[in-house]
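# Structural characterization, general
One-letter residues, chain by chain:
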Amino acid sequence: MKFLDQCKVYIRSGNGGGGAVSFRREKYIEYGGPDGGDGGKGGDVWIEAVDGLNTLIDYRYQQHFRAETGGHGMGRNRHGANGADVVLKVPVGTQVLDEDKETLIADLDHLGARLRLAKGGNGGFGNTHFKGPVNQAPKFANPGQEGEERAIWLRLKLIADVGLVGLPNAGKSTFLAAASAAKPKIADYPFTTLAPNLGVVDLSTNERFVIADIPGLIEGASEGAGLGTRFLGHVERSASLIHLVDGTQDDVAGAWRTVRHELDAYGEGLADKTEFLALNKIDALDPETRKEKAAELEAVAGRKPYLVSGVSGEGVTELLRAAFAEVRARRAEAAGEVEDDQHEPGEAPGSWTP
Ligand SMILES: Nc1nc2c(ncn2[C@@H]2O[C@H](COP(=O)(O)OP(=O)(O)OP(=O)(O)O)[C@@H](O)[C@H]2O)c(=O)[nH]1
Ligand SMILES: [Mg+2]
């Protein structure tokens, strides 16, 4: 699955309708005077962040969007109809970039965020508008204004609700495969995962969230060791992190500390996110070792770890449910915040690379 979804879209707002040239003609009324109505306004092109979408796939199939032309004005001072608008519906988290793919036009980061991308042309004035003391019977009217035409890029930074972190080989990809329908590459050597994988966790029809499996972190990752920390950008917007610690290694406390240190060094609020700590691979541990390792983790982290196994599936659902409760709380919080959110255009799009 592509983590970044982007596509180019061509839009055009509607032309305004032309004004009409017309004169009143009625029995017994001589010199009825001009009565040409104005043209209608052309439709606008809007973009809106809506619920229920999570990809830009629709824009792979349709790239051209045009709003309707305004209706022409008519005699008897009738105004032309306004052209219908077109609304591009996109998932929350979509960024709109200019044709140069650099200039950020908008970051639709909350539900209902809406922006006019192209304004429809105004309708032209009918000849009624031009009558005056000098020219009482103008035989001309304005044409409608042209609509705007432009190309834009849509870019979706998929927002993983929960990020999976841990040392290489901690079993992150295996966990993702157990939790979702994703099929990440799994192998018993470090750095199997070279690019992030996403999976959708389906607890029930309306309990869904996205989890991201990112490459393992090693000591010094924040200084560029291993694959570095650049992939952490994918989980910056996540509600929480699931931190997996391989229970089959000798020093579980050290493993936890290493990863925490790298999260801290990376910054961007990652270290402050709720961490669901889990001792993984418990299928390979006897009850005695489980207790021992769990106690070691608890001692260093200050709370009890979940006990899970991506291979046997033990404890996985329980951990996912706990993580989802947090996701849900964050979503409710975000929905409440939207109203008074004085939103800024956001950081330059170039500052974020996968
Ligand atoms: N016994 C056991 N082995 C596991 C479990 N989860 C993963 N493994 C094994 O651990 C090894 C690494 O698993 P991955 O899922 O690739 O680990 P990862 O954290 O994604 O590794 P990187 O992508 O390299 O960072 C593989 O050989 C897996 O079969 C588990 O729950 N129990
Ligand atoms: Mg992996």
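One can find the structure itself at the top, above this paragraph.
The present account deals with the structure reproduced in this document. (Residues numbered from 1 in each chain as written. Chains lettered and ligands numbered in written order. Predicted model: local features only at pLDDT ≥ 70, side-chain atom pairs only at ≥ 80, totals over all residues. Heavy atoms only, no water.)

### Some details on the nonpolar core
Val165, Leu232, Val235, Val245, Leu263, Leu279 and Leu297 are the most contacted members of the largest nonpolar core, which totals 27 residues. Those elements giving two or more residues to this core turn out to be strand S11 (207-213), strand S12 (240-246), helix H3 (252-266), strand S13 (274-280) and helix H4 (287-301). In terms of residues, this core owes the most to one element, H3, which gives five residues. Those residues in contact with Leu232 that lie beyond four places of it in its chain are Val165, Ile214, Leu217, Leu263, Tyr266 and Leu270. Residues Ile211, Ala239, Val308 and Phe324 belong to the second largest nonpolar core, which totals 24 residues. (Core = buried A, V, L, I, M, F, W, Y, C linked by side-chain atoms within 4.5 Å. Buried < 20%, exposed > 50% of the residue type's maximum accessible area, 1.4 Å probe, protein only. Helix = DSSP H or I, 4+ residues; strand = E, 2+ residues; numbered from the N terminus. Contact = heavy atoms within 4.5 Å.)

### Section: the packing of H3 against H4
The N-to-C vectors of H3 and H4 enclose an angle of 40 degrees; their axes lie 8 Å apart at closest approach. Comparing their axes, H4 and H3 come out oblique. H4 is crossed by H3, and the crossing has right-handed handedness. Within the contact between the two elements, H3 uses Val252, Ala253, Trp256 and Arg257 and H4 uses Lys293, Glu296, Leu297, Val300 and Ala301. Broken down by class, the residue content of the contact of H3 with H4 amounts to six nonpolar, no polar and three charged. (Axes fitted to C-alpha atoms, helices over the stretch in contact; angles between N-to-C directions. Parallel < 35°, antiparallel > 145°, perpendicular 65-115°, else oblique. Left-handed = near helix turned anticlockwise from the far one by under 90°. Nonpolar A, V, L, I, M, F, W, Y, C, P; charged D, E, K, R; others polar.)

### What to know about the coordination of the magnesium ion (ligand 2)
Protein ligation of the magnesium ion (ligand 2) involves Ser173 (OG) and Thr193 (OG1), the donor distances falling in the range 1.9 to 2.0 Å. In this pair, Ser173 is assigned in helix H2 (residues 172-179) and Thr193 in the loop between H2 and strand S10 (197-204), connecting sequence segments 20 residues apart. Across this residue pair, the class does not change: Ser173 and Thr193 are buried. (Donors = N, O, S within 2.8 Å, 3.2 Å for Na, K, Ca; no water.)

### A closer look at the site of ligand 1
Lys172, Thr174, Phe191, Thr193 and Asp283 are the nearest of the 24 residues found near ligand 1. Within the side chain of Asp283, an N or O atom sits 2.6 Å from a nitrogen atom of ligand 1. Alone, ligand 1 offers 650 Å² of accessible surface; in the complex the protein occludes 87% of this. Among the elements that make up the shell around ligand 1, the one with the highest residue count is H2 (three residues). Here the residues of the shell around ligand 1 are counted per class, giving ten nonpolar, ten polar and four charged. (Near = heavy atom within 4 Å. Polar contact = N/O pair within 3.5 Å; in protein donor to acceptor, adjacent residues only side chain to side chain. Areas by Shrake-Rupley, 256 points an atom, 1.4 Å probe, with all protein chains shown as cover.)

### Thoughts on the sheet that holds S10
A sheet is described by the order of its strands in space; here six strands give the open sequence S10-S11-S9-S12-S13-S14, paired in mixed fashion. Strands at the two margins of the open sheet, each flanked by one partner only, are S10 and strand S14 (306-307). Judged from the seven bridges that link them, S12 and S13 form a sheet pairing that is parallel. Residue pairing for S13: Ser240 is matched across the bridge by Thr274. Sitting on the sheet, H3 is in contact with strand S9 (162-166), S12 and S13, with an inclination near 145 degrees to S12. Contacting S12, S13 and S14, H4 crosses the sheet at an angle of about 155 degrees to S13. (Pairing = 2+ DSSP bridges.)

### Side note on the layout of surface pockets
Of the volumes computed, that of the second largest pocket is approximately 270 Å³. Every residue lining the second largest pocket is counted, 25 residues in all, and those nearest its centre are Asn169, Gly171, Lys172, Thr174 and Ala187. Considering each element in turn, the lining of the second largest pocket owes the most residues, three residues, to H2. When the residues that make up the lining of the second largest pocket are grouped by side-chain class, the tally is nine nonpolar, ten polar and six charged. (1 Å grid on protein atoms, 1.4 Å probe; cavity = no way out; pocket = protein on both sides within 12 Å on 5 of 7 lines; lining within 4 Å. Points joined across faces, edges and corners; volume = space filled by probe spheres on them.)

### Brief notes about the pairing of S10
Relative to S11, S10 is paired through seven bridges, and the arrangement is antiparallel. The partner of Gly199 across the bridge, within S11, is Ile211. Hairpin geometry of S10 and S11 is characterised by an intervening segment of two residues between the two adjacent antiparallel strands.

### Description of the packing of aromatic side chains
For the coordinates displayed, the defined rule picks out five aromatic pairs. Seen from their ring centres, Tyr59 and Phe65 are 5.6 Å apart, and the 50 degrees between their planes marks the pair as tilted. Considered together, Tyr59 and Phe65 belong to a single accessibility category, that of buried residues. Joined through ring pairs, the aromatic side chains of Phe125, Phe130 and Phe140 make up one cluster. Positioned over the ring face of Trp153 is Lys101, at 4.2 Å from the centre of the ring. We note Arg114 situated over the ring of Trp46; from NZ or CZ to the ring centre the distance is 4.4 Å. (Phe/Tyr/Trp six-rings, centres within 6.5 Å; stacked < 30°, edge-to-face > 60°. Lys NZ or Arg CZ within 6 Å of the ring centre and 35° of its normal.)

### So, H4
Side chains of residues three or four places apart in an α-helix project in the same direction, reflecting 3.6 residues per turn. The end-to-end C-alpha distance of H4, which contains 15 residues, comes to 21 Å, matching closely the 21 Å that a straight helix rising 1.5 Å per residue would cover. By the burial criterion, the buried members of H4 are Lys293, Ala294, Leu297 and Ala301. Projected onto a plane normal to the axis of H4, the buried residues spread over an arc of 100 degrees and lie on a single side. In H4, those exposed residues whose orientation departs by more than 90 degrees from the buried face are Glu288, Lys291 and Ala299. (Expected span 1.5 Å × (residues − 1). Arc of directions from axis to C-beta.)

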